[in-house]
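# Close look at the chain arrangement
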Amino acid sequence: EAGVAQSPRYKIIEKRQSVAFWCNPISGHATLYWYQQILGQGPKLLIQFQNNGVVDDSQLPKDRFSAERLKGVDSTLKIQPAKLEDSAVYLCASSSGRGPRTDTQYFGPGTRLTVL
Amino acid sequence: GQQVMQIPQYQHVQEGEDFTTYCNSSTTLSNIQWYKQRPGGHPVFLIQLVKSGEVKKQKRLTFQFGEAKKNSSLHITATQTTDVGTYFCARPLGSSNTGKLIFGQGTTLQVKP
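Now for a look at the structure at hand. (Residues numbered from 1 in each chain as written. Chains lettered and ligands numbered in written order. Predicted model: local features only at pLDDT ≥ 70, side-chain atom pairs only at ≥ 80, totals over all residues. Heavy atoms only, no water.)

## Focus on the overall build of chain A
- Scanning chain A for helices and strands turns up 0 helices and 11 strands.
- The secondary structure elements of chain A, listed N-terminal to C-terminal, are β-β-β-β-β-β-β-β-β-β-β.
- Rg of the C-alpha trace for chain A: 14 Å, near the compact-globule value of 13 Å for 116 residues, within the 12% margin.
- With the C-alpha coordinates of chain A rotated into their principal frame, the extents come out at 40 × 25 × 25 Å.
- Counting only residues that meet the buried cut, chain A has 46% of its 116 residues in that class.
- Contacts in chain A between residues at least 24 apart in sequence constitute 53% of all its contacts with a sequence separation of at least 6. (Helix = DSSP H or I, 4+ residues; strand = E, 2+ residues; numbered from the N terminus. Rg over C-alpha atoms; globule rule 2.2 N^0.38 Å. Buried < 20%, exposed > 50% of the residue type's maximum accessible area, 1.4 Å probe, protein only. Contact = heavy atoms within 4.5 Å.)

## Topic: the sheet that holds strand S8 (residues 71-76) of chain B
Residue and element names in this part refer to chain B.
- The antiparallel open sheet is built from 5 strands, whose spatial order is S1-S3-S8-S7-S6. Unpaired on one side and paired on the other, strand S1 (4-7) and strand S6 (55-58) mark the two borders of the sheet. Strand-to-strand twist of the sheet, defined as the mean angle between neighbouring strand axes without regard to direction, takes the value 15°.
- The pairing of S1 with strand S3 (residues 19-25) spans 4 bridges and is classified as antiparallel. Residue pairing for S3: Val-4 is matched across the bridge by Ser-25. (Pairing = 2+ DSSP bridges. Axes fitted to C-alpha atoms, helices over the stretch in contact; angles between N-to-C directions.)

## Overview of the nonpolar core
- Phe21(A), Trp34(A), Leu77(A), Ile79(A), Tyr90(A) and Leu113(A) are the most contacted members of the largest nonpolar core, which totals 21 residues.
- For this core, the secondary-structure elements that each account for two or more residues are strand S3 (19-24), strand S4 (31-37), strand S5 (44-50), strand S8 (75-79), strand S9 (88-95) and strand S11 (111-115) of chain A.
- With residues up to four places along the chain from it excluded, the contact list for Phe21(A) reads Ser7(A), Pro8(A), Trp34(A), Ser75(A), Thr76(A), Leu77(A), Ile79(A), Tyr90(A), Thr111(A) and Leu113(A).
- In this structure, Cys23(B), Ile47(B), Phe63(B) and Leu74(B) belong to the second largest nonpolar core, which totals 20 residues. (Core = buried A, V, L, I, M, F, W, Y, C linked by side-chain atoms within 4.5 Å.)

As structure tokens, this is what we get:
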């Protein structure tokens with residue numbers, strides 16, 4: 001079974017530029033998450049999708065971050081314009097979304113963003 | 001609040017020594033999950049504990065969930081260099097089963113060969 005795929009793996013941009021990240025979850029997984037992981041900290045949830053609908057985006061800085069999952073499979077996360085403090089690893093995770101318990105989340109390799 | 005506190009933040013051990021990390025919550029948890037992140041890698045699910053007082057073992061790793069379901073621990077017996085990484089506990093956000101997790105800040109383990 002293929003894991004969660006993300007691209008690009010690394011991205012370096014200057015502040016005020018735009019950047020987009022792509023995620024392809026495990027096949028059949030209904031739930032998709034985007035996390036931000038700043039160096040030395042645990043992952044912080046940005047947004048959660050169930051199929052193509054947003055379940056929770058309360059932690060997403062909506063003035064500059066946006067995310068979509070139009071067909072309920074792949075997802076993109078965009079930052080426009082980027083700030084220095086956005087430098088972090090952006091992790092995508094997916095889960096089956098079917099269990100009565102908290103589902104196991106499977107993480108992708110992440111995109112390491114450096115904003116100069 | 002809904003945060004989970006992990007201690008210690010860092011631990012350096014000699015290969016063969018034991019290691020324990022603790023995860024504490026001020027509120028009762030429905031369950032707790034543990035993840036491992038190797039340097040430069042991504043979090044990988046290790047285990048989920050649900051029952052009060054539950055103890056689960058995976059080879060040299062022993063996971064415990066407190067009787068009050070407010071704390072958990074991960075103990076590694078006779079560490080090896082392959083155990084190097086950051087260990088995170090994660091709790092569900094809120095009381096409903098929405099799948100959202102709050103991660104602790106992690107305990108980073110260094111093993112000297």
